[in-house]
Amino acid sequence: MGSIDPKTAFSMRAEAHVDLAAIAANCRRLRRELTGGCELCAVVKADGYGHGIEQAARAALAGGASRLAVVTAAEAAVITELELGVPLLLLAPVRPDDLMAAIETGAELTAWDLVQIEQIEHAATLLGAEVGVHVKLDTGMARFGAKTDGQALAALDAVASSDALRASGVWTHFATADEPGDDYFPAQLRRFTEFAAEAKRRHPGVLAHAANSAAVLRDPAAHFDFVRCGIAIYGLDPFHEDAAARELRPALSLRSYVASVRPLAKGESAGYGRRFVSERDTLLATVPIGYGDGWRRALTNRAEVLIAGRRLPQRGTVSMDSITVDLGPDSDVLAGAPVVLIGEDGAERITTEQVARACDTINYEITCGLTARTVRSYDGP
Ligand SMILES: *Cc1c(COP(=O)(O)O)cnc(C)c1O
């Protein structure tokens, strides 16, 4: 008898399977959009949008990404442990009490005002480190960044004149890159283009970056020195439609299984609040995935799943631990049958975008929302 692997000693209730070859292929596909030495920075924040930060980072580099970005000091520490040897950028300011830890990861930091820059300089000096700083200009997202070009340039000058700091980059973030045809994106782009030119005139080594996934596909003029792609590297559509139509391959599929099958007579109900009352005699499957796993309660009576290659309606309230599916009166599906909630089964396919639409959100929130109880499994490089 072999020893028991703790990772597989229990079978999975709900499993998010991640195809790492798809992440690598999506990075190659995105790089085809880039010209003139423009680099791909893979954004692996929030546990790689729910796909697994370490696995996503390695797969993205295998696909030609040459930089990584995260949001928190803790995420940076995870990446640093992997010793991947590529520049790492923190996309948001860290709390002053996390500065030392952030600097020790070797990540480049985001800043835009003189107080932040002094704090970073102080911490860097104490640690004897040289810290790369990317100065952010707020061109219309109104979350982080210098409000005026003058403030941003003053910040950049301060960084460049410090022995402990390196003027590494200038950047901004678009609010409406995923809304083709709007006039806000071009206005943000125009403003940043002028600012970046002035920043580079003053500090020639500085890299400029602005584009998220949507902007990469929308306008080559937004590419600059590197692009910051998250959603598209996971094969999800930045425009919330169909990733396949943009030659992106979804990396994540979500699977569970039929834990129980029972008859439900006409007039009987299923689930909390009796939000499904059957209009016919039918068979009902119970599938052990619920909002405790990240399958949103807003999907109550609104989602479909694939069982044995057929698209079937999820009926009744999504519970914390399970959902119920109407198999129809003549079903021969038995307990143990695989269930696909996101992904392909035979000729049928359910996309993350469809699930998102069914509960009035975006694909990002569906994969990020999968909880730790949903087991991640991987194949690929
Ligand atoms: C998350 C994030 C990105 C990646 O955006 P996608 O739409 O997922 O490509 C890029 N830039 C910043 C500042 C971000 O926070």
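The shown structure was predicted, so the numbers you read here are calculated from the model rather than taken from an experiment.

**Quick look at the overall build of the chain**
Line of reasoning, step 1. The secondary structure content of the chain amounts to 11 helices and 20 strands.
Line of reasoning, step 2. Across its three principal axes, the chain shows a C-alpha extent of roughly 75 × 55 × 35 Å.
Line of reasoning, step 3. Burial statistics for the chain: of 381 residues in total, 51% are counted as buried.
Line of reasoning, step 4. Relative to all contacts within the chain whose residues are 6 or more apart in sequence, the contacts with residues 24 or more apart total 67%.
Line of reasoning, step 5. On the chain, roughly 17000 Å² of surface is accessible, and the fraction owed to carbon and sulfur atoms is 51%.

**Comments concerning the site of the ligand**
Line of reasoning, step 1. Near the ligand there are 13 residues, and of these Lys45, Tyr49, Ser213, Ile231 and Tyr364 occur at the shortest range.
Line of reasoning, step 2. Note that an oxygen atom of the ligand is positioned 2.5 Å from one of the side-chain N or O atoms of Ser213.
Line of reasoning, step 3. Here an oxygen atom of the ligand sits 2.9 Å away from a polar atom, N or O, in the main chain of Gly230.
Line of reasoning, step 4. Coverage of the ligand by the protein amounts to 93% of the 390 Å² it exposes when considered alone.
Line of reasoning, step 5. Secondary-structure elements contributing two or more residues to the shell around the ligand are α2 (45–49) and β9 (226–229).

**Quick notes on the confidence of the model for the chain**
Line of reasoning, step 1. Overall, the prediction assigns the chain a mean pLDDT of 96, with 97% of residues at 70 or greater.
Line of reasoning, step 2. Per-element confidence in the chain is highest for strand β2 (residues 39–43), whose mean pLDDT is 99, and lowest for strand β20 (residues 375–379), whose mean pLDDT is 95.

**Thoughts on a nonpolar patch on the surface**
Line of reasoning, step 1. A surface patch of nonpolar side chains, about 250 Å² in accessible area, is lined by Met100, Leu126 and Leu127.
Line of reasoning, step 2. Along the chain, Met100 turns up in helix α5 (residues 99–104).
Line of reasoning, step 3. By relative accessible area, Met100 is classed as partly exposed at 32%.

**Focus on the packing of helix α7 (residues 149–160) against helix α8 (residues 184–202)**
Line of reasoning, step 1. Where α7 meets α8, the axes come as close as 11 Å, and the angle between the chain directions of the two elements is 30°. Overall, the two elements α7 and α8 adopt an arrangement that is roughly parallel. Our pair here, α7 against α8, has a crossing hand that is right-handed. Packed against α7, whose contacting residues are Asp149, Ala152, Leu153, Leu156 and Asp157, the element α8 presents Arg191, Phe195, Glu198, Ala199 and Arg202 at the interface.

**Section: the pattern of salt bridges**
Line of reasoning, step 1. One pass over the full model with this rule turns up 25 salt bridges.
Line of reasoning, step 2. Residue Arg202 pairs with Asp157 through a salt bridge whose shortest N-O separation is 2.6 Å. Placement of Arg202 in helix α8 and of Asp157 in helix α7 is noted, with a sequence separation of 45 residues between them.
Line of reasoning, step 3. Judged by its relative accessible area of 36%, Arg202 falls in the partly exposed class.
Line of reasoning, step 4. On the basis of relative accessibility, which here comes to 27%, the residue Asp157 falls in the partly exposed class.
Line of reasoning, step 5. Each of Arg13, Asp293, Asp321 and Arg373 takes part in one network of salt bridges that share partners.

**Topic: the nonpolar core**
Line of reasoning, step 1. Core analysis: the largest hydrophobic core is formed by 120 residues, its most contacted members being Ile23, Val170, Trp295 and Ile307.
Line of reasoning, step 2. Three or more residues apiece are contributed to this core by two domains, here domain 1 (6–15 + 251–379) and domain 2 (33–229).
Line of reasoning, step 3. Those residues in contact with Ile23 that sit more than four places away from it in its chain are Val18, Ala56, Ala59, Ala60, Ile233, Tyr234 and Ala251.

**Notes on the environment of Lys45**
Line of reasoning, step 1. As for its placement among the helices and strands, Lys45 is situated in helix α2.
Line of reasoning, step 2. Assessed through its relative accessible area of 28%, Lys45 is described here as partly exposed.
Line of reasoning, step 3. In this structure the C-alpha to C-alpha distance between Lys45 and Asp219, which are 174 residues apart in sequence, comes to 24 Å.
Line of reasoning, step 4. Residues contacting Lys45, with those up to four places away along its chain left out, are Ala69, Val70, Val71 and Glu75.

**Comments concerning the side chain of Asn212**
Line of reasoning, step 1. If you trace the backbone, Asn212 turns up in the loop between β8 (207–209) and α9 (213–218).
Line of reasoning, step 2. Leaving out residues up to four positions away in the same chain, Asn212 has contacts with His173, Phe174, Ala177 and Arg228.

**A look at a negative patch on the surface**
Line of reasoning, step 1. Together, Asp47, Glu54, Glu81 and Glu83 make up a negatively charged patch on the protein surface.
Line of reasoning, step 2. Along the polypeptide, Glu54 turns up in helix α3 (residues 53–62).
Line of reasoning, step 3. Since its relative accessible area comes to 36%, Glu54 is described here as partly exposed.

Rules behind the numbers
- Residues numbered from 1 in each chain as written.
- Predicted model: local features only at pLDDT ≥ 70, side-chain atom pairs only at ≥ 80, totals over all residues.
- Heavy atoms only, no water.
- Helix = DSSP H or I, 4+ residues; strand = E, 2+ residues; numbered from the N terminus.
- Buried < 20%, exposed > 50% of the residue type's maximum accessible area, 1.4 Å probe, protein only.
- Contact = heavy atoms within 4.5 Å.
- Areas by Shrake-Rupley, 256 points an atom, 1.4 Å probe, with all protein chains shown as cover.
- Near = heavy atom within 4 Å.
- Polar contact = N/O pair within 3.5 Å; in protein donor to acceptor, adjacent residues only side chain to side chain.
- pLDDT = per-residue confidence, 0-100.
- Patch = residues over 30% accessible without salt bridge, like charges linked within 9 Å, V, L, I, M, F, W, Y side chains within 5 Å.
- Salt bridge = Lys/Arg side-chain N within 4 Å of Asp/Glu carboxyl O.
- Axes fitted to C-alpha atoms, helices over the stretch in contact; angles between N-to-C directions.
- Parallel < 35°, antiparallel > 145°, perpendicular 65-115°, else oblique.
- Left-handed = near helix turned anticlockwise from the far one by under 90°.
- Core = buried A, V, L, I, M, F, W, Y, C linked by side-chain atoms within 4.5 Å.
- Domains from an automatic or database assignment.
- Lys, Arg positive; Asp, Glu negative; His and termini not counted.
- Charge placed at Lys NZ, Arg CZ, Asp CG, Glu CD.

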